[in-house]
Amino acid sequence: MDNIQIPGMPKMIDNVNLRVRDDLEETITKKSKLRIAAACFSIYAYEELKKSLSGIENLKFIFTSPTFITEKTEKSKREFFIPRMTREQNLYGTEFEVRLRNELTQRAIAKECAAWIKQKATFKSNTTNQVVPGFLNVLSEKDQYTYNIVGKIPGRRSDSMILLSAHYDSYFEGFQDDNAAVAMIIGIAKALIQGGYQPNHTIVVCALAAEEWGISDTKYDWSTGAYRQVFEARADWPGNVIADFNFELPAHAHSTKDAIRCTYEYVDFIQKFVDKDAMPKGIYPDGMTTLYPIETWSDDFTMAISGIPSFVNDFSGGPFMENYYHSQYDNQDVYEEEIYQFHHEFYLKLLMAVDALALPPLNFATVLTASMDSLDLNVCKQTGAEGSVFLEQTKKARETAICLYEKIQSWNQNFGADGDWKRADAITKKLLAIFKKAQDYFVRLDWDDGVIFPQQAVQNNLHALKKAKTALNAGNIEETLDAFYSIDNNCYAFEFEKEVFYHFTEYIMKQESERLMWGKGRILHHENLYELVERLKNKEIDKDSLELEQRQLEEVWERQCAYYKDDIEYLIRAVTKFSEMLQETVVLFEKN
């Protein structure tokens, strides 16, 4: 197991499958602080948990109804039956606990509990007429450990690896998200072992922790376990793992068409595999397709930016996401066995197809084509950015990428049983290094966590600003504000106070890089329109002058134009370096 130092996970406690007592025994640590609001406190609850409670720092308990305020408990009767007042009675145990009639052990328990209360506990009572809801909070030390669980099927030829991943933390029961996926990666591994399959590459099975949440007060608070795994605990995986098969919600049909979402570089190989594989009747009426690029929803994005080519069964649409996702309704009732079996079999075959290859089938021409398609030449003309130079350089790089992919395919096709796996592994490292640079050079995020190319954030801002300028010059404040809403995170300026707006800006732009994790360096610019939005919201049409706002908007336009020119210049430099790496690898093939 790989230990990752992050906070613990939320759990669903129903007192059937998991009892409060059991969870407290697991959760309470030395020096924990307990905060409880409840209708009663029982000495038998203390008895059950005294081993754990003995080491806590303190307990603060609030009776949710007036308790021990005016009434006094009478002395016990001769038969040692403890009298029960309406609220205080539960101190001696509820009807579901051991009754004390003629029991003498209660004295020892009470004496021990009283000593503990005197040392550790503070009790208060709700004396108001207001409803105080019950709660139980355990405050423990920060930065505790959780674990990524790893198993391996050793490869017999290559030093490279193939990864099967899914996360085991969840909201509520998390049947689809993501317990079914963890069972699936284990099931695939079990099938390989029981079938006597001996892989060329080592198959790594990794159940990841802290996907749903792992760090507080940062925009990028999920996929923590995966980030710690490939950037810290197993930083040697990038450069050695040729593919990550990540799984999410795999036992449910989210659409009439199934899909694999992957990095640009794997699209060509996966689509050809999908086209060849026959879809069973009655499963997905509209067949199967390939989607790209990888999104930030799940751990495959973290894997990809670390340098591990990744893909995931697509799960991002459909009624499940609207009605069941991250809720108590994600349970066994949404299980679809035929879908689950199909995914087991399909991805097992895909894994074996990847394992059969000496070299990862990475086609870098796809990402270069997408980068050219993302460029708006009209914006280049308006800003003076050298878009034509970027296109020219990128077309040259794409030609080299096409040549390289042809050589990869030829190598794989002609690689026989006596092929040189050491030489193949050396070339694989070169290819994975290029893949990592593609992530560094071309992958950015917008303020909604969408995956974009470096110039697209400012490009989209300029489209919105052009609309805003036209509207403001026409005196149309409403349309101006509508245009502002989509610029960076300025939607917060419409709904929140200044302090909140700045917080949700600075926890990206001024956050420690380690806390940004996989979002680090993916957002480079920010346009602060808060003051401008506030003034325009308070303007009266036809009464107040807009000259100040027009001047300020022009300044914003000029600033964004400068950002855009910088972004295009950066891309030209990046593509030039990327092209050189591609060419060096082509030459490496020719030497071999």
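The structure this text deals with has already been given above.
Read on for a plain summary of the structure. (Residues numbered from 1 in each chain as written. Predicted model: local features only at pLDDT ≥ 70, side-chain atom pairs only at ≥ 80, totals over all residues. Heavy atoms only, no water.)

Bringing the pairing of strand β9 (residues 241–246) into the picture now. Most of β9 is tucked away: six of the six residues are buried. Summarising the sheet, β9 and strand β12 (residues 310–313) pair through three bridges and their orientation is parallel. By the bridge assignment for β12, N246 is matched with V312. (Buried < 20%, exposed > 50% of the residue type's maximum accessible area, 1.4 Å probe, protein only. Helix = DSSP H or I, 4+ residues; strand = E, 2+ residues; numbered from the N terminus. Pairing = 2+ DSSP bridges.)

This next bit is on the nonpolar core. In this structure, F245, Y347, F364, F442 and F484 are the most contacted members of the largest nonpolar core, which totals 111 residues. Looking at this core element by element, the count peaks at 14 residues for helix α20 (residues 547–591). Dropping the residues within four chain positions of it, F484 is found in contact with L465, A468, N490, F494, L529, L532, V533, L536 and L553. In terms of nonpolar packing, the next biggest core, distinct from the first, is built from 19 residues, I36, I56, L59 and A121 among them. (Core = buried A, V, L, I, M, F, W, Y, C linked by side-chain atoms within 4.5 Å. Contact = heavy atoms within 4.5 Å.)

Our focus in this paragraph is the packing of helix α7 (residues 299–306) against helix α13 (residues 421–442). At their nearest, the axes of α7 and α13 sit 7 Å apart, and the two run at 110° to each other. With respect to α13, the axis of α7 lies roughly perpendicular. Within the contact between the two elements, α7 uses A304, I305 and S306 and α13 uses F435, K436, Q439 and D440. (Axes fitted to C-alpha atoms, helices over the stretch in contact; angles between N-to-C directions. Parallel < 35°, antiparallel > 145°, perpendicular 65-115°, else oblique.)

Along strand β10 (residues 258–262), five of the five residues are buried, which leaves the element largely enclosed by surrounding structure. On β10, burial covers both faces: D258, I260 and C262 on one face and A259 and R261 on the other are all buried. Tracing the backbone out of β10, into helix α6 (residues 267–276) and back to the parallel element strand β11 (residues 288–291) gives a crossover that is right-handed. Note: β10 against β12, three bridges, orientation antiparallel. Along β12, the bridge assignment pairs I260 with N313. (Right-handed = clockwise from strand over helix to strand, strands pointing away.)

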